[in-house]
Amino acid sequence: MSDRIFGSILTILALTFFVSATKLESPFFADPLGPKNFPFIVSGAALICSLTMILKPDKDPLWPDTKTIIKLFTALIVLILYAFSLKTFGFLLPTALASAALSYLIQPSFYKSSATGLILSLSLFTIFKFGLGLSLFPFPRFIIG
Amino acid sequence: MELFQNLALGFGIALTLTTLSLAIIGCILGTIIGALPGLGPSNGVAILIPLAFTLELDATQALVLMTSVYYGAMYGGRISSILLNIPGDEPAMMTTLDGYPMAKKGRAGDALVLSGVSSFVGAFLATIGLMLLAPILARVAFYFGPAEYFALYLLAFCTLGGIGAENQAKSAIAVCLGLGISMIGVDNSTGMTRFTGGNLHLYDGVDFLVAIVGLFAVTEIFVFIESRGKDSAIGVKLGKISIPIKDILATKWTMLRATIVGFIAGVLPGAGASLGSFLAYMSEKSLAKENKTFGTGDIRGVAAPEAGNNAAAGGALVPMLTLGVPGSGTTAVLLALLMTLNITPGPLLFNERPEVVWGLIATLLIANFVLLILNVPLVKIFTKILQVPASFLLPGVAMVSFVGIYSLSGSYFDLLLMIGFGVLGFTLRKLKIPAVPVILGILLGGHMEVSLRRAMVLSNGDWTYLFNSYISIGLWVAAFIGFVAPIFLRSYLKKPTPIGQ
């Protein structure tokens, strides 16, 4: 079943790709192949493969239980928030929080994950800033000004 | 003798203080990365590449550092295979079959030393093979026109999808995904944008480093959160380490045969080190008269896969350097490094930048001795690394990948894209769709399209031009066989499953 769903998504993706390739306009001075034909070939191949996946699916993989799926989503949200906060909040605070959160998701122990967050944040900052010379801001921009 | 002149040039570069210390640092880092379960050569090299740029190394130095990490990780992968029954990386899977039972019998030290020595034999001889074979292949590559290159890329995708995967359609779809992603952005020949959906961030295309770090490192974080607790293996106590000279001498032919098998598997574009160790183990098992002891701690079963996968690692560098077609996941990452450094691998590299190639080869010859010292007398230090808990290691990997990518572009969009690739990688992993073809597609897609278009310009749109020379016909045939043959050979290529705890 999973294969069929993923195959259908890919079929739609391949068709979208194909359609958006037909809308590309070839300039009159273009080479014989032009910008369209290679996308056509690839989307054609993708279409054959995704239909094969739908028609001949493998056995379903073992999907994680609801609890684990919630954990995975939490991890995803932590990573996205981390991506957005690096610029505004500086390096130290987001890194400590994000790595503590990830650590807690792998092994739920409050003390261990807090320690992980603190150690990682401080030691990585030292390595990146002073060892590799990256331009990282340690603290939020609005504090330094 | 041209070879000796080239080697002299290479050693002139390798024996400078900077290059040598980079090689040693790379070897140590690599062995650590290899030993850590969950961090293998490909994701280890991937997360280190962005950081290597910040050191402002020149091309040779960057390549030396990363290739030493690669070699080191191939050596180090066996450590957790033997002591924990968890492969430190995918190519070390076969080593668990006999390495762990041998360790359980109280011979953990012997297993580590024996596999360290066979890693050395495999890697050192493969480096010599690389030195001899690469210049020859580079000369052949001079006859390659756009039609031949197009067929060669096709061959790489087909062998990768054929031998490497269990389901041909799934690996082909992975290639298509990669090719599709590679077309996003400005089309170089006409200057128009394609498939960007009007998003300005995508006009430059998808940076392949973002894709690689996402697919390898970020995916690993999700996989670890999912499998947390399952991999709690019981470690084996490591006693005093002595050198089992008798075992080493008894397996010398095994090591040599495994090296040859592994090297050939590595040179095939798209096949790689996992195949090398697998074929080495299986051929040794079928050659042995008394093969009942395989799987219960046979010394040949420890020596063969390690010599095989290290030889394959060296072999995989041959097509990467001479043709620009990587032979494995990690060499694909190294190709990404070269492309970011503005170096085009291929025959011209050997003529125009000999210092890069020969400097690398000479350093690898030295690095193997460094690795032998690290992995035999000093192996005990590295076994301590296995005690680092995953709840510390994985957040660290995540943070390093984020900062690395962030330092390259400084844009949050690339970070989000990287997370997206991580989610994609996790889905692919669940559905048993291989991720390496996606990366190869992103890396080579541009080149593949350009060579097809150039071929069509040369022939004025005549498709038969693609089958115009014996080289290209040969490549097309090989591509077809490489993709179709495994369907019939599947029953022979079943991987043996490692024994339980």
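Parameters and conventions
Residues numbered from 1 in each chain as written. Chains lettered and ligands numbered in written order. Predicted model: local features only at pLDDT ≥ 70, side-chain atom pairs only at ≥ 80, totals over all residues. Heavy atoms only, no water. Helix = DSSP H or I, 4+ residues; strand = E, 2+ residues; numbered from the N terminus. Buried < 20%, exposed > 50% of the residue type's maximum accessible area, 1.4 Å probe, protein only. Contact = heavy atoms within 4.5 Å. Rg over C-alpha atoms; globule rule 2.2 N^0.38 Å. Areas by Shrake-Rupley, 256 points an atom, 1.4 Å probe, with all protein chains shown as cover. Lys, Arg positive; Asp, Glu negative; His and termini not counted. Charge placed at Lys NZ, Arg CZ, Asp CG, Glu CD. Buried area = accessible area lost by both parts, 1.4 Å probe. Salt bridge = Lys/Arg side-chain N within 4 Å of Asp/Glu carboxyl O. Polar contact = N/O pair within 3.5 Å; in protein donor to acceptor, adjacent residues only side chain to side chain. Nonpolar A, V, L, I, M, F, W, Y, C, P; charged D, E, K, R; others polar. Expected span 1.5 Å × (residues − 1). Bend = angle between axes of the 7 residues up to and from the residue. pLDDT = per-residue confidence, 0-100. Core = buried A, V, L, I, M, F, W, Y, C linked by side-chain atoms within 4.5 Å. Domains from an automatic or database assignment. Phe/Tyr/Trp six-rings, centres within 6.5 Å; stacked < 30°, edge-to-face > 60°. Patch = residues over 30% accessible without salt bridge, like charges linked within 9 Å, V, L, I, M, F, W, Y side chains within 5 Å. Axes fitted to C-alpha atoms, helices over the stretch in contact; angles between N-to-C directions. Left-handed = near helix turned anticlockwise from the far one by under 90°.

**Some details on the overall build of chain A**
Logical step 1: A count of helical and extended segments in chain A gives six helices and zero strands.
Logical step 2: When the elements of chain A are put in sequence order from the N terminus, they spell out α-α-α-α-α-α.
Logical step 3: Projected onto its principal axes, the C-alpha coordinates of chain A cover approximately 55 × 50 × 25 Å.
Logical step 4: Counting the 145 residues in chain A, one finds 42% classified as buried.
Logical step 5: Intrachain contacts of chain A at a sequence separation of at least 6 include 61% that bridge at least 24 residues.

**Thoughts on the overall build of chain B**
Logical step 1: The helix and strand inventory of chain B stands at 20 helices and two strands.
Logical step 2: Rg of the C-alpha trace for chain B: 22 Å, near the compact-globule value of 23 Å for 501 residues, within the 12% margin.
Logical step 3: Taking all 501 residues of chain B together, 64% fall into the buried category.
Logical step 4: For chain B, the share of sequence-separated contacts (at least 6 apart) that also reach a separation of at least 24 residues comes to 81%.
Logical step 5: Accessible area of chain B: about 18,500 Å², with a carbon and sulfur share of 66%.
Logical step 6: For chain B, the distance from the average position of its 29 positive side-chain charges to the average position of its 25 negative side-chain charges is 13 Å.

**Let's talk about the interface of chain B and chain A**
Logical step 1: Each partner contributes to the interface: chain B provides 62 residues, whereas chain A provides 61 residues.
Logical step 2: Here chain B and chain A share an interface that buries about 5,400 Å² over both sides, 84% of which is from carbon and sulfur atoms.
Logical step 3: Our enumeration of links across chain B and chain A arrives at two salt bridges.
Logical step 4: In this structure, the salt-bridge partner of K170(B) is D58(A), at a minimum N-O distance of 3.0 Å.
Logical step 5: For the interface between chain B and chain A, the tally reads six residue pairs in polar contact (both at pLDDT 80 or more).
Logical step 6: Put simply, the parts of the chain that give the side of chain B that touches chain A at least two residues each are α3 (41-54), α7 (168-182), β2 (193-194), α8 (208-227), α17 (390-409), α18 (412-430) and α19 (436-458) of chain B.
Logical step 7: Grouping the amino acids of the side of chain B that touches chain A by side-chain chemistry returns 40 nonpolar, 14 polar and eight charged.

**Here's the deal with the side chain of S472(B)**
Residue and element names in this part refer to chain B.
Logical step 1: Tracing the backbone through its elements, the reader meets S472 in helix α20 (residues 470-489).
Logical step 2: Residue classification places S472 among the buried residues on the basis of a relative accessible area of 0%.
Logical step 3: What S472 contacts, discounting residues up to four positions off in sequence, is A147, E148, A151, L466 and F467.

**Some details on helix α4 (residues 59-84) of chain B**
Residues and elements named next belong to chain B.
Logical step 1: Look at α4: 38 Å from first C-alpha to last across 26 residues, which is about the 38 Å you get at 1.5 Å a residue.
Logical step 2: Remark: the principal bend of α4, roughly 25°, maps to M74.
Logical step 3: The buried count for α4 comes to 26 of 26 residues, which makes it a mostly enclosed element.
Logical step 4: For α4, the side-chain oxygen to backbone nitrogen distance between the N-cap and T60 is 3.1 Å, and the N-cap itself is D58.
Logical step 5: Once α4 ends, the next one or two residues include N85, with phi positive near 65°.

**Focus: the pattern of salt bridges**
Side-chain pairs of opposite charge can arise where the charged atoms are in close proximity.
Logical step 1: In total, this model carries 11 salt bridges over all chains according to the counting rule given.
Logical step 2: Among the charged side chains, a network of salt bridges with common partners joins D3(A), D58(A) and K170(B).

**Remarks on the confidence of the model for chain A**
Logical step 1: Counting all residues, the mean pLDDT for chain A is 86, and 94% of those residues have values of 70 or more.
Logical step 2: The secondary structure element of chain A with the lowest average pLDDT is helix α6 (residues 141-144) of chain A, at 65, and the one with the highest is helix α4 (residues 92-106) of chain A, at 91.

**Overview of the environment of L268(B)**
Logical step 1: Within the secondary structure, L268(B) sits in the loop between α10 (252-267) and α11 (273-287).
Logical step 2: For the pair L268(B) and E148(B), spaced 120 residues apart in sequence, the C-alpha to C-alpha distance is 16 Å.

**Description of α19(B)**
Logical step 1: For α19(B), built from 23 residues, the straight-helix expectation of 33 Å at 1.5 Å per residue is met to within 8% by its first-to-last C-alpha distance of 32 Å.
Logical step 2: Residue L444(B) marks the point of greatest curvature in α19(B), where the axis turns by about 50°.

**As for the nonpolar core**
Logical step 1: Core analysis: the biggest nonpolar cluster contains 206 residues, and F91(A), L102(A), F128(A), M66(B) and Y70(B) have the highest contact counts within it.
Logical step 2: Among the elements that line this core, the one with the most residues is helix α5 (residues 93-141) of chain B, at 18 residues.
Logical step 3: When residues of this core are assigned to domains, at least three fall in each of domain 1 (2-55) and domain 2 (66-144) of chain A.
Logical step 4: Once residues lying within four places of it in the same chain are set aside, the contact partners of F128(A) are F91(A), G133(A), L134(A), L136(A), L51(B), V400(B) and V403(B).
Logical step 5: One finds F278(B), Y281(B), A288(B) and F294(B) within the second-largest nonpolar core, a separate group that totals seven residues.

**Here's the deal with the environment of G346(B)**
All names here are of chain B.
Logical step 1: Relative to the elements of secondary structure, G346 occurs in the loop between α13 (329-340) and α14 (347-352).
Logical step 2: What makes G346 buried here is its relative accessible area of 3%.
Logical step 3: When the C-alpha positions of G346 and V325 are compared, they lie 8.8 Å apart, and in sequence the two are 21 residues distant.
Logical step 4: Residues in contact with G346, not counting those within four places in the same chain, are L321, T322 and L323.

**Section: the packing of aromatic side chains**
Logical step 1: Taken as a whole, this structure holds 18 aromatic pairs over all chains when the rule is applied.
Logical step 2: Ring geometry for F84(A) against Y412(B): centres 5.1 Å apart, planes inclined by 35°, an arrangement best described as tilted. Taken together, the positions of F84(A) in helix α3 (residues 66-89) and Y412(B) in helix α18 put the pair across two chains.
Logical step 3: Between Y281(B) and F294(B), the aromatic rings sit 5.7 Å apart at their centres with planes inclined by 90°, giving edge-to-face as the arrangement. A residue pair is termed long-range when its members are at least 10 positions apart, and Y281(B) in helix α11 and F294(B) in the loop between α11 and α12 (299-323) qualify at 13 residues.
Logical step 4: You can call F294(B) buried: its relative accessible area is 7%.

**With respect to a nonpolar patch on the surface**
Logical step 1: Taken together, the side chains of F467(B), Y470(B), I473(B), V477(B), F480(B) and I481(B) present a nonpolar region at the surface, about 680 Å² in accessible area.
Logical step 2: Residue placement: F467(B) occurs in the loop between α19 and α20.

**Considerations on the packing of helix α1 (residues 2-22) of chain A against α7(B)**
Logical step 1: Where α1(A) meets α7(B), the closest approach of the two axes is 12 Å, and the angle between their N-to-C directions is 35°. Regarding α1(A) and α7(B), the two cross each other, and that crossing is left-handed. Between α1(A) and α7(B), the contacting residues are D3(A), L10(A), L13(A) and F17(A) on the first element and K170(B), I173(B), L177(B) and G180(B) on the second.
Logical step 2: Of the residues contributing to the contact of α1(A) with α7(B), the split by class is five nonpolar, one polar and two charged.

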